[in-house]
Amino acid sequence: MGLLDSILGRSRPVRPDLDRLFGLPAAALTLQAGTGFVPAGVGSVCFAAVEGGAFARLKDDVRGLLDVEVVSGPERGAGGGEGRSAEAGAHPVTYASDAYGYTWLTVRRPVEDLITLVNDLHAVNALLEEAGFGSHLLCSLVAFRVPADVPEADRQGARDLALVYLYKRGTFYPFAPRGDRAESRDNALELQVRGLLAGDLAMEPDMERWFPVWGAPGWGGGVSRRSAS
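Everything numeric here is computed off the predicted structure, so don't read it as measured data.

The next point concerns the nonpolar core. Counting residues in each nonpolar core, the largest one holds 42 residues, and the members touching the most others are Leu 24, Leu 105, Leu 128, Phe 144, Leu 197 and Leu 201. Considering each element in turn, this core owes the most residues, 9 residues, to helix H4 (residues 114–133). Membership of the second largest hydrophobic core comes to 16 residues, among which are Val 164, Tyr 173, Phe 211 and Val 213.

Given below as structure tokens:
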């Protein structure tokens, strides 16, 4: 920071550090040990809509990058029809646009293959950056869930959890929608997760930036009314 910035109380924007995404697999182990939540096998990248031929070429590039093939019929993704081949070991990649002008690219991998899922998210972010669309990037998230073998009586509060990476901040925060109340968050769990993962991830210190991502693709579709910037 320069002298003038110090005098005027200005701070320079944080340079995005996509490599911080690679801390997620280790953080997932800490999260499971501390809360029981396990990876759901779903991750998303959210960015402001890109119009015209540039976006079409970008989608083609992503298909090539993640070895995506167009499939038809019931195997098509709900967000636009793109998906991986339905053959064994293949998982769908979908695009979805929401009412606020954001586009979500959602990737699915086997729940035990979080490392590959994180690699995919990193690659998509990097491709957008290299194509000159870094300013359009908002956030990425990885979804977690309560294990299926947990009795229904013990499933209180949040049943889903996301770790959200803010591209322009280079930080993470937890988002835990409650399963028993519409558009209500499990704040206690979010604070618990922040404490648990402080040693694994760069957690966002400003809680006003912990924007809700209600029903983001992979667990329902849509975004907050406030942008994750």
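Along the chain, the position of Val 50 falls in the loop between strand S1 (38–48) and helix H3 (52–66). The exposure class assigned to Val 50 is buried, which follows from its relative accessible area of 9%. Between the C-alpha atoms of Val 50 and Thr 103, which are 53 residues apart in sequence, the distance is 8.4 Å.

Time to look at helix H5 (residues 187–197). Every buried residue of H5 is listed here: Leu 189, Glu 190, Val 193 and Leu 197. For H5, the buried positions fall inside an angular range of 100° around the axis, keeping them on one side. Among the exposed residues of H5, those oriented more than 90 degrees off its buried face are Ala 188 and Gly 195.

What follows is about the environment of Ala 40. Of note, Ala 40 is situated in strand S1. Residue Ala 40 is classed as partly exposed on the basis of its relative accessible area of 24%. Each C-alpha atom of the pair Ala 40 and Val 142 lies 8.1 Å from the other, and the pair is 102 residues apart in sequence. Contacts of Ala 40, omitting those with residues within four sequence positions, involve Val 111, Ala 143, Phe 144 and Arg 145.

What follows deals with the pattern of salt bridges. Inspection of the entire model under this criterion finds 5 salt bridges. Taking the shortest distance from any N to any O, the salt bridge between Arg 20 and Asp 17 comes out at 3.6 Å. Residue classification places Asp 17 among the partly exposed residues on the basis of a relative accessible area of 30%. Between Glu 204 and Arg 169 there is a salt bridge, with its nearest N and O atoms 2.8 Å apart. Here the residue Glu 204 occupies a position in the segment after H5, and Arg 169 occupies one in the loop between strand S7 (160–166) and strand S8 (171–175), the gap between them amounting to 35 residues. On the basis of relative accessible area, Glu 204 is assigned to the buried category, the value being 0%.

The pairing of strands in a sheet comes from backbone hydrogen bonds and takes either a parallel or an antiparallel form. Taken in spatial order, the 6 strands of this open sheet run S4-S5-S1-S6-S7-S8, and their pairing is antiparallel. Edge positions in the open sheet fall to strand S4 (93–97) and S8, since each of these has one partner strand only. Averaged over neighbouring strand pairs, the angle between their axes works out to 20° when direction is ignored. The pairing of S1 with strand S5 (residues 102–108) spans 7 bridges and is classified as antiparallel. When the sheet's bridge partners are listed, Phe 47 is paired in S5 with Thr 103. Strand contacts of helix H2 (residues 24–35): S1, strand S6 (137–145), S7 and S8, with the helix running at about 40° to S6, the strand carrying the most contacts. On the sheet, H5 packs against S7 and S8 and is oriented at approximately 145° with respect to S8.

The rules we used
Residues numbered from 1 in each chain as written. Predicted model: local features only at pLDDT ≥ 70, side-chain atom pairs only at ≥ 80, totals over all residues. Heavy atoms only, no water. Core = buried A, V, L, I, M, F, W, Y, C linked by side-chain atoms within 4.5 Å. Buried < 20%, exposed > 50% of the residue type's maximum accessible area, 1.4 Å probe, protein only. Helix = DSSP H or I, 4+ residues; strand = E, 2+ residues; numbered from the N terminus. Arc of directions from axis to C-beta. Contact = heavy atoms within 4.5 Å. Salt bridge = Lys/Arg side-chain N within 4 Å of Asp/Glu carboxyl O. Pairing = 2+ DSSP bridges. Axes fitted to C-alpha atoms, helices over the stretch in contact; angles between N-to-C directions.

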